[in-house]
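Single-letter residue listing:
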Amino acid sequence: MNTFLKRFIILLIIAAVGVSAYSYLNDGLQKRKSPKKNVAFKVDDLKLNVFYNRPSKRNRQVFGALVPYDKVWRTGANEATTFQTNKALNIDSTVLKPGKYTLWTIPNDTAWSIIFNAKQYAWGVDHETLKPMREPEFDVVNYTAPVEHLNTVVEQFTIAFDNSTDQLFMTMAWDNVRIKIPLR
């Protein structure tokens, strides 16, 4: 084999390794429609973390259509949404022990059921049936949160922590809807 061909093959191998590494480190070559998000909250010795994927409204009707009412939703897109706490929390009158949970919701036009599930799922829905992977026997907390209708539209699904009133809430907002889950 001549020198030019050897150098060309080596250059192709280096380029392939470079593209593969870039793709691996940046979730693929194309930008995700529902980007990953990690939300952390820390106060004193309490540490909370939520990992989820942020779908966008993109001029679609969200609740009651894209996200059906009265059916389990993976609470985001792609991978199962996770919630992690290093301390026990009171949610309404139920104790959520320290640990990592998957987070599921059942949206409705007046209230949402928020479900903390002890089982970890690699993905949010079954690829064949497109049904949520949640197994109810692993549910540890089920909280009902009233729906607040917003005057503005939230384009991307957003989970955040709000401690502005000395009471801690985890909030979820998308389209013109927001819910709050009290964490004590």
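For the structure, check the block above.
All of these numbers come straight from a predicted model, not from anything done at the bench.

Caption draft 1: Local environment of unusual backbone geometry. A positive phi angle is found at Asp44, which is not glycine, with a value near 50°. The topology assignment puts Asp44 in the loop between β1 (36-43) and β2 (46-53). Here Asp44 falls in the exposed class, since its relative accessible area comes to 68%. With phi around 65°, Asp166 is a residue other than glycine that occupies positive phi space. Positionally, Asp166 belongs in the loop between β9 (148-162) and β10 (168-183). Overall, the relative accessible area of 73% leaves Asp166 in the exposed class.

Caption draft 2: Focus on the nonpolar core. Counting 34 residues, the largest nonpolar core has Phe83, Ile114, Phe116, Phe161, Met170, Met172 and Leu183 as the members making the most contacts within it. Broken down by secondary-structure element, the contributors of at least two residues to this core are β1, β2, β4 (89-91), β6 (99-106), β7 (111-117), β8 (139-146), β9 and β10. In terms of residue count, β10 provides more of this core than any other element does, eight residues in total. Sequence-distant contacts of Ile114, defined by excluding residues within four places in its chain, comprise Leu103, Trp104, Thr105, Val141, Asn142, Tyr143, Ala145, Met172, Ile179 and Ile181.

Caption draft 3: Quick peek at the pattern of salt bridges. For the structure on display, the rule yields six salt bridges. Measuring nitrogen to oxygen at the nearest pair gives 2.8 Å for the salt bridge that ties Glu148 to Arg178. One end of the pair, Glu148, is in strand β9; the other, Arg178, is in strand β10, with 30 residues separating them in the sequence. Looking at Glu148, the relative accessible area reads 27%, which means it is partly exposed.

Reading guide: rules and limits
Residues numbered from 1 in each chain as written. Predicted model: local features only at pLDDT ≥ 70, side-chain atom pairs only at ≥ 80, totals over all residues. Heavy atoms only, no water. Helix = DSSP H or I, 4+ residues; strand = E, 2+ residues; numbered from the N terminus. Buried < 20%, exposed > 50% of the residue type's maximum accessible area, 1.4 Å probe, protein only. Core = buried A, V, L, I, M, F, W, Y, C linked by side-chain atoms within 4.5 Å. Contact = heavy atoms within 4.5 Å. Salt bridge = Lys/Arg side-chain N within 4 Å of Asp/Glu carboxyl O.

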